[in-house]
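# Tertiary structure, described
Each chain is listed here by its residues.
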Amino acid sequence: MTIRLTNTATRTKEEFTPLDPTNVRMYVCGPTVYDRAHLGNARPVIVFDVLYRLLRHVYGADHVTYVRNFTDVDDRINETAQKRRAAGADGTLEALIRERSDETIGWYHADMDALGALRPDHEPRATQYVDQMVAFIEDLITKGHAYAADGHVLFAVDSWPEGYGKLSGRSIDDMIAGARVEVAPYKRNPMDFVLWKPSTDDLPGWESPWGRGRPGWHIECSAMAHELLGTEFDIHGGGNDLMFPHHENEIAQSKCAGHGFARYWLHNEMLQVEGKKMSKSLGNFFTVRDLLDQGVPGEVIRFVFLSTHYRKPMDWTEKKAEQAKETLEKWALFTKDVKASDSLPTKFIEILSNDLNTPGAIAELHRMSNGGEYEELKSVLKFLSMELPLSETDAGVFDFLVEGETVRPLIEELIQEMQKARAEKNFSRSDEIRDAFKEAGVSVRFEKDGETIYKREANFQLAPLEKVASK
């Protein structure tokens, strides 16, 4: 099966050819663990989880290595630890920072697990790889691509003029204008970025050739990717907000260290809420845990996310969540007591292999559902981690489905008859069926795309449907 991916570095859709089919390697930038993951943080997790599943399917689960890091060196983490120490908490600042990181990583795992995301093969913490970062920085200095100044070490952007800015497609002037460039007397060039910075006594720090300090953000991923995936690997992913400066800086320092680094770059677009950028000031900012606590299943969140292509902006709305829940409930009822097919449908894999076309994949799920291909439907739902557990109410409703074939065909037959009656302007018959659905406890909604969504409520009863069907 050929996988095609849109490579940000070339701005073209390319056939994916791994360096080593027996060891396909992918690195995705993970979270800075200072608080709960907000909804936008979940999008790259879900996008690259699907890619991870696809790669495992095509190349074998034992032949794919997925790395996603935790940034646990950050001013916001330090601030929380300092507040805890000021409040009388026991332990060193480093221990309190570790405690805070452990707490937030635990939250992150619980929330992403609830979204059905597989854990990566490696989840390195930045603080575990400081020695590797120091060695990386020393090598860059030796090769003339970095310099020490006032306890800092900076990457010299001028030392790699042929490559800096290619990923994001920006000129140096554009990058200076678009970046929050720190004005510092020790910088040779405004675009030079920090690889190492000094730490005061009230901040965490490690010994280095340049004094006690801590690494800059960008060096973390280069060092951890090199340590866990080698000098060159297949895929690097993340949100497009990381393209500049983070990924641009990763490429510069890694290439100048002599590494091939990533061959394919994938970036997901950003998330909106009800058509607006998510913002605390707009009151539309919420975490994954907020939604889960409100009773929105992780499978529903996942369905809504995958309904939009990863390279397009995604809009989270309550309506989309409601529609997703109804669809997943319907599919869960259809596939109850059905044995999943032993293999995934070829058509589904072909669609997904075309640049992770998840909207197309979901359309194929609808086709399977409408065509009664329930074994295949169940296998795909399992693969996508979108099997919605049946609630007690739904399970009770399903008791009416003797061998799974009593009620469903009857409802769908009546829906078709109601649509035909409307088309023929036989409104008395259409209204008669509509009223029977209402009496039976079946809600029916016709979507603009032609999809019909129906749901059996807790008060479901079969008799009104049988009565209207007999006429």
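Here the residue numbers are simple positions, counted from 1 along each chain's written sequence. With the structure being a predicted model, the display of local features is reserved for residues of pLDDT at least 70 and the display and counting of side-chain atom pairs for 80 or more, all residues being used for whole-chain, interface and lining totals. Note that the side-chain values use all heavy atoms of the structure and ignore hydrogens as well as water.

### What about the overall build of the protein chain?
Here is the rule we go by: Numbering of helices and strands runs from the N terminus; a helix is a DSSP stretch of H or I covering at least four residues, while a strand is a stretch of E covering at least two. For every residue, the accessible area (1.4 Å probe, protein chains only) is compared with the maximum for its type, and the residue is labelled buried under 20%, exposed over 50%, or partly exposed between those bounds. Whether two residues touch is decided by their heavy atoms; if any such pair falls within 4.5 Å, the residues are in contact. Here the open area of atoms and residues is found with the Shrake-Rupley method and a 1.4 Å probe, where only the protein chains shown may cover a residue.
Counting its secondary structure elements, the protein chain contains 17 helices and 15 strands. Based on the C-alpha atoms only, the size of the protein chain along its principal axes is roughly 90 × 55 × 40 Å. Counting across all 471 residues of the protein chain, residues that qualify as buried make up 52%. Partitioning the intrachain contacts of the protein chain with sequence separation of at least 6 by distance along the chain shows that 74% fall at a separation of at least 24. For the protein chain, the exposed surface amounts to about 21100 Å²; the carbon and sulfur share of it is 47%.

### As for helix α1 (residues 39-59)
Our working rule: Here a helix's expected span is defined as the number of its residues, less one, multiplied by 1.5 Å.
With 21 residues, α1 ought to run about 30 Å at 1.5 Å a step, and its terminal C-alpha atoms sit 31 Å apart, in line with that. A large share of α1 lies buried, amounting to 16 of its 21 residues. Positive phi appears at G60, one or two residues downstream of α1, with a value of about 105°.

### Details of the packing of helix α2 (residues 75-86) against helix α3 (residues 93-114)
Here is the rule we go by: To get an axis, a line is fitted to the C-alpha atoms, and for a helix only the part in contact is used. The angle between two axes follows their N-to-C directions and goes from 0 to 180 degrees. Crossing chirality is assigned from the near helix's rotation relative to the far helix, an anticlockwise turn below a right angle marking it left-handed and a clockwise turn marking it right-handed. For this classification, Asp, Glu, Lys and Arg are treated as charged, while Ala, Val, Leu, Ile, Met, Phe, Trp, Tyr, Cys and Pro are nonpolar and the rest, including Gly, are polar.
Across the interface, α2 lies against α3 with an axial gap of 9 Å and an inter-helix angle of 115°. In the crossing of α2 with α3, the sense of the turn from one axis to the other is right-handed. Together, I77, N78, T80, A81, Q82, R84 and R85 of α2 and L93, L96, I97, E99, R100, S101 and E103 of α3 make up the contact between the two elements. Of the residues contributing to the contact of α2 with α3, the split by class is 5 nonpolar, 4 polar and 5 charged.

### With respect to the sheet that holds strand β12 (residues 276-277)
The line we're drawing: Two strands pair if DSSP finds at least two bridges between them.
Here we have 3 strands laid out as an open sheet, ordered β12-β11-β13, and mixed in their pairing. Each edge of the sheet is formed by a strand with only one pairing partner; in this case those strands are β12 and β13 (314-316). Summarising the sheet, strand β11 (residues 271-273) and β13 pair through 3 bridges and their orientation is parallel. Bridge pairing in β13 places V273 opposite W316.

### Considering the side chain of H247
Inspection of the secondary structure puts H247 in helix α7 (residues 243-256). Residue classification places H247 among the buried residues on the basis of a relative accessible area of 0%.

### Concerning the packing of α1 against helix α9 (residues 298-306)
Convention followed: What sets the label is the angle itself: under 35 degrees gives roughly parallel, over 145 gives roughly antiparallel, 65 to 115 gives roughly perpendicular, and the rest give oblique.
Where α1 contacts α9, the two axes come as close as 10 Å, and the packing angle between them is 80°. Between α1 and α9, the angle is such that the two are roughly perpendicular. Between α1, through L39, A42, R43, I46, D49, V50 and R53, and α9, the contact on the second element is made entirely by I301, R302, F305 and L306.

### As for the sheet that holds strand β10 (residues 261-268)
Ordered in space as β4-β3-β9-β10, the 4 strands form an open sheet in which the pairing is parallel. Bordering the open sheet on either side are β4 (64-68) and β10, each of which pairs with just one other strand. Along the sheet, successive strands turn relative to each other by an average axial angle of 20°, direction set aside. Direction of pairing for strand β3 (residues 24-28) relative to β4: parallel, over a ladder of 5 bridges. Along β4, the bridge assignment pairs R25 with T65. Against the sheet, helix α6 (residues 217-229) touches β3, β4, β9 (232-239) and β10, its axis set at about 160° to β3.

### Some points on helix α12 (residues 358-370)
When the terminal C-alpha atoms of α12 are compared, their 18 Å separation across 13 residues agrees well with the 18 Å that a helix rising 1.5 Å per residue should span. All of the buried residues in α12 are T358, A361, I362, E364, L365, H366, M368 and S369. Lining the buried residues of α12 we find α1, α9, α10 (318-335), α11 (346-353) and α13 (374-383). Positive phi appears at G372, one or two residues downstream of α12, with a value of about 75°.

### With respect to the pattern of salt bridges
Basically, it comes down to this: Criterion for a salt bridge: a side-chain nitrogen of Lys or Arg within 4 Å of a carboxyl oxygen of Asp or Glu.
Within the structure shown, the criterion is met by 31 salt bridges. Between R263 and D234 there is a salt bridge whose closest N-O contact spans 3.8 Å. On the criterion of sequence distance, the pair formed by R263 in strand β10 and D234 in strand β9 is long-range, its members being 29 residues apart. By relative accessible area, R263 is classed as partly exposed at 30%.

### A look at the side chain of H109
Mapped onto the fold, H109 is located in helix α3. Looking at H109, the relative accessible area reads 14%, which means it is buried.

### Observations concerning the nonpolar core
Soluble globular proteins: nonpolar side chains tend toward being buried together. Note the threshold: In this text, buried Ala, Val, Leu, Ile, Met, Phe, Trp, Tyr and Cys residues form a nonpolar core when linked through side-chain atoms within 4.5 Å.
Formed by 92 residues in total, the largest nonpolar core has its most connected members in L39, L55, W316 and L365. Considering every element that reaches this core, the biggest residue donor is α1, with 12 residues. Residue contacts for L39: discarding those within four places in its chain leaves L271, M278, F286, T287, V288, L291, I301, F305 and W316. Within the second largest apolar cluster, 41 residues are counted, among which are M133, A146, W196 and A257.

### Notes on the environment of F460
Relative to the assigned elements, F460 resides in the loop between β15 (452-456) and α17 (463-469). Of the residues examined, F460 reaches a relative accessible area of 6% and is grouped as buried. On a C-alpha basis, the gap between F460 and K438 in space is 9.3 Å, while along the polypeptide they are 22 residues apart.

### Looking at the state of the cysteines
Condition: Here, two cysteine sulfur atoms that lie within 2.5 Å of each other are counted as a disulfide.
On inspection of all chains with the given rule, the structure shows 0 disulfides. In this structure C29 is a free cysteine whose sulfur lies 3.9 Å from that of C221, the closest cysteine sulfur available.

### Details of unusual backbone geometry
Keep in mind that most residues, glycine aside, have a negative phi and that most peptide bonds are trans. The peptide bond linking F244 to P245 adopts the cis configuration, its omega dihedral lying at 5°. Within the chain, D355 stands out as a residue other than glycine whose phi angle is a positive 60°. With respect to the element layout, D355 can be found in the loop between α11 and α12. Given the relative accessible area of 1%, D355 is considered buried. Even without a glycine there, the phi angle at L356 is positive, about 50°. Residue position: L356 is located in the loop between α11 and α12.

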